[in-house]
Amino acid sequence: MGVELAPGGCPKGQPFFWLFSNIFNHICPKISTMGQTQQYRNYLFISLAVVSFFKIQFTLFTPLSLFTEEAQYWLWSRNLDWNYYSKPLMIALYNRFSTFLFGHKEFAVRINAVFFAAGTAWVLFELAISMFKNAKLAYWSSILLLVMPFYHLASLFHTTDSSLVFFWALSILLIWKATHSHRLTYWLLAGIATALGILSKNVMVLILPYTLLFLLIKDYRQIISGRFLVFILIASMSFIPILIWNLQNDWVTFRHVGTLGGVSGTGQGFQWTDAAKFMGEYIGGQIAVISVFLAPLFVLAIKKWRSTMDDRLLFLLLPVVLTWMLFLGVSLVKRVEVNWPAFVYVSLPIAFAYAIQQNKRWLSYTRIATIISGILLILIMYPAPIDAIGFKKVLRPDKDPFARLAGYKELGQRVDFLKDSLNLKQHFVFSDTYHVASSLSFYLEGHPQTYNPNLGRRKNQFDLWPGLEQFENKNYAGIFVKWGEDSMPPVQEAFENLLHEETLTIHYRGTPVRVFLIQMLGNYHYLEEVDVQAY
């Protein structure tokens, strides 16, 4: 006797199968849901593989150099420590591991960003599944994330934001599971993820008060449970290397963060004109890093939460709103970099996707906005086709953010050529900025340690390493490189003679965007550094 199947392949309840019918009718919807989830996981895997492939191709074949911050963090990996002037230790360890595997190449540095980005999109998918039990919504949440500029930059360039965004996403996934399952395992894992996030970038610490606030609003009894306290304890262990290192180094990280946050070291009173300017830049920048085309969905998500008071939307949006307001306050006293609050936006795509699902009138708009955002990101990375039709007038090459990455590779090659031409044996390389010094260390043959004496700048990591004093009066030649064409008299006076001087003009998109001054100097004596108490 044949068995009649219900849609999806489940046996209908016939007399012979009456016992098993009830079991299958209960299980089959779950099997169907699991199958759909796996299907969309496969779609996501393919999508991430394709996107990651093209990001790797960009790194391998772009004429652009490492971002100077990437070069700085790479140089940290050559000088391992428990903490660094401006950031914790993990980015140095990521670079140390990847360069051990692949050598000191641009690919070895940026592959970290590609892996963290793919991991972030995957974690976001799992968070959406855990919250909404909808694989299609989860998949499109990840796709929305892929076209957001803040994520795109963190996935291309390996800065501390690359790992911060990943660990933020992972932590909120585990915290959500912990708060709804009440299982100690998830609180333990959330504590570990949060600790790694704090050790990747200090601002990750914000997840602690945000979690506390969410629980105060929704389930205050969990706060006094041993499980939540275990989470706080494990996460707080990340402070140990940071505090011990700072105790040994005059609390420079805290001084630096205080200056960045406008708490100290600003040197001037409140100015309404500056506040208005900085606030305008901040608001415009934050809309841009989400995507100006996707920003309206934030309003839609907020309206959806207000009409439903959905706990899930509260969990996703609370950190975003609070962080946005925090840095809006900072923008009243100083300029806020666009990436500072962007890490919390990683949860927005889920809120967007859910709001769209509940209001299908926005579906067509979102599809168009996603496509436009993705195309614009590609064109900014590869502007040559649109430069031919006048894009240079829209975004001048010297104002293009990517122009900051132009020329360091060529600079390293030119300095190596001059060094060999002059047959310099005992020598050292230095600059008046850590940007140039770090990039030269990466691009010069042999990756020498470079130096950044203080000639009037604020303090940085180079001040904590051995400086030029080790070369005094030992017949060392010096190679000095700086942005711009103007020489610095104190530098020349520190040497016996000037062996060679030239400028190197860097072009990007067919247009001059930067000039470097290169000086080859003979017999170093002594350079008096400036004692600037600016952090």
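Residues numbered from 1 in each chain as written. Predicted model: local features only at pLDDT ≥ 70, side-chain atom pairs only at ≥ 80, totals over all residues. Heavy atoms only, no water.

Peer 1: Help me get a handle on the pairing of strand β5 (residues 495-508), residues and values and all.
Peer 2: For β5 and strand β6 (residues 511-524), the ladder comprises 12 bridges, and the chain directions are antiparallel. Counterpart to Ile506 in the pairing with β6 is Arg514. A loop of 2 residues connects β5 with β6, the two strands running antiparallel in sequence, and Arg509 in this loop sits at a positive phi of about 55 degrees. (Pairing = 2+ DSSP bridges. Helix = DSSP H or I, 4+ residues; strand = E, 2+ residues; numbered from the N terminus.)

Peer 1: Kindly report on the sheet that holds strand β4 (residues 477-483), identifying the contributing residues and their values.
Peer 2: Where strands meet in a sheet, backbone hydrogen bonds hold them as pairs that are either parallel or antiparallel. Taken together, the 4 strands give an open sheet; going across it, the order is β3-β4-β6-β5, and neighbouring strands pair in mixed fashion. Only two strands of the sheet have a single neighbouring strand rather than two, namely β3 (427-431) and β5. For this sheet the average axis-to-axis angle between neighbouring strands, irrespective of direction, equals 20 degrees. Running at roughly 30 degrees to β6, helix α20 (residues 408-421) makes contact with β3, β4, β5 and β6 of the sheet. (Axes fitted to C-alpha atoms, helices over the stretch in contact; angles between N-to-C directions. Contact = heavy atoms within 4.5 Å.)

Peer 1: Let's hear about the packing of helix α4 (residues 106-132) against helix α6 (residues 149-156): which residues, and what values?
Peer 2: The N-to-C vectors of α4 and α6 enclose an angle of 140 degrees; their axes lie 6 Å apart at closest approach. By the angle class used here, α4 and α6 are oblique. Judged by residue contacts, Arg110, Ala113, Val114, Ala117, Ala118, Thr120 and Ala121 of α4 engage Tyr151, Ala154, Ser155 and Leu156 from α6. Per-class residue counts for the contact of α4 with α6 are 8 nonpolar, 2 polar and 1 charged. (Parallel < 35°, antiparallel > 145°, perpendicular 65-115°, else oblique. Nonpolar A, V, L, I, M, F, W, Y, C, P; charged D, E, K, R; others polar.)

Peer 1: Account for helix α3 (residues 90-102), with residues named and values stated.
Peer 2: Spanning 13 residues, α3 covers 18 Å between terminal C-alpha atoms, matching the ideal 18 Å at 1.5 Å per step. Residues Met90, Ile91, Ala92, Tyr94, Asn95, Ser98 and Thr99 constitute the buried set of α3. Considering only its buried residues, α3 is in contact with α2 (68-77), α4, α7 (160-181) and α8 (184-198). Note on α3: the residue one or two positions beyond its end, Gly103, has a positive phi of about 90 degrees. (Expected span 1.5 Å × (residues − 1). Buried < 20%, exposed > 50% of the residue type's maximum accessible area, 1.4 Å probe, protein only.)

Peer 1: Explain the nonpolar core to me, using residue names and the numbers behind them.
Peer 2: Judged by nonpolar contacts, the single largest core of 135 residues is most densely connected at Trp168, Tyr345, Leu411 and Val481. Listed in part, the 14 residues of the second largest apolar core include Tyr451, Tyr476, Phe480 and Phe495. (Core = buried A, V, L, I, M, F, W, Y, C linked by side-chain atoms within 4.5 Å.)

Peer 1: Pulling in residues and values, what's your account of a nonpolar patch on the surface?
Peer 2: Taken together, the side chains of Phe45, Ile46, Val50, Phe53 and Phe54 make up a nonpolar region of the molecular surface, amounting to roughly 540 Å² of accessible area. By the element assignment, Ile46 lies in helix α1 (residues 18-61). (Patch = residues over 30% accessible without salt bridge, like charges linked within 9 Å, V, L, I, M, F, W, Y side chains within 5 Å. Areas by Shrake-Rupley, 256 points an atom, 1.4 Å probe, with all protein chains shown as cover. Salt bridge = Lys/Arg side-chain N within 4 Å of Asp/Glu carboxyl O.)

Peer 1: Requested: an account of the confidence of the model for the chain, with residues and values cited.
Peer 2: With 92% of its residues at a pLDDT of 70 or more, the chain shows a mean pLDDT of 91. In this model residues 1-29 is a low-confidence stretch, pLDDT under 50, and it forms 21 contacts with partners more than four residues away in sequence or in other chains. (pLDDT = per-residue confidence, 0-100.)

Peer 1: Describe the environment of Asn249, naming the residues involved and giving the relevant values.
Peer 2: With respect to the secondary-structure elements, Asn249 resides in the loop between α11 (239-248) and α12 (252-260). Along the backbone, Asn249 and Leu464 are 215 residues apart, and their C-alpha atoms lie at a distance of 8.1 Å. Of the polar contacts made by the side chain of Asn249, one reaches the backbone oxygen of Trp245; its length is 2.8 Å. (Polar contact = N/O pair within 3.5 Å; in protein donor to acceptor, adjacent residues only side chain to side chain.)

Peer 1: Let's hear about the pairing of β4: which residues, and what values?
Peer 2: The element β4 is largely enclosed, with a buried count of 6 among its 7 residues. As paired strands, β3 and β4 are joined by 5 bridges and run parallel to one another. Across the sheet, the residue bridging to Phe430 is Phe480, located in β4. Once the chain exits β3 it traverses helix α21 (residues 434-443) before rejoining the sheet at β4, and the crossover so formed is left-handed. (Right-handed = clockwise from strand over helix to strand, strands pointing away.)

Peer 1: I'd like a description of empty space enclosed by the protein, backed by residues and values.
Peer 2: Here the idea is plain: a probe the size of a water molecule rolls over the atoms and shows the empty space left. A full pass over the atoms with the stated rule returns 2 cavities of 30 Å³ or more. A volume near 90 Å³ is recorded for the largest cavity. Looking at the largest cavity, the residues that line it are Ile172, Ile175, Ile207, Tyr210, Thr211, Phe214, Phe315, Leu318 and Pro319. The set of elements that each furnish at least two residues to the lining of the largest cavity consists of α7, α9 (207-218) and α15 (311-330). Here the element with the most residues in the lining of the largest cavity is α9; it accounts for 4 residues. Looking at the lining of the largest cavity, its residues break down into 8 nonpolar, 1 polar and no charged. What the second largest cavity holds in volume is close to 40 Å³. (1 Å grid on protein atoms, 1.4 Å probe; cavity = no way out; pocket = protein on both sides within 12 Å on 5 of 7 lines; lining within 4 Å. Points joined across faces, edges and corners; volume = space filled by probe spheres on them.)

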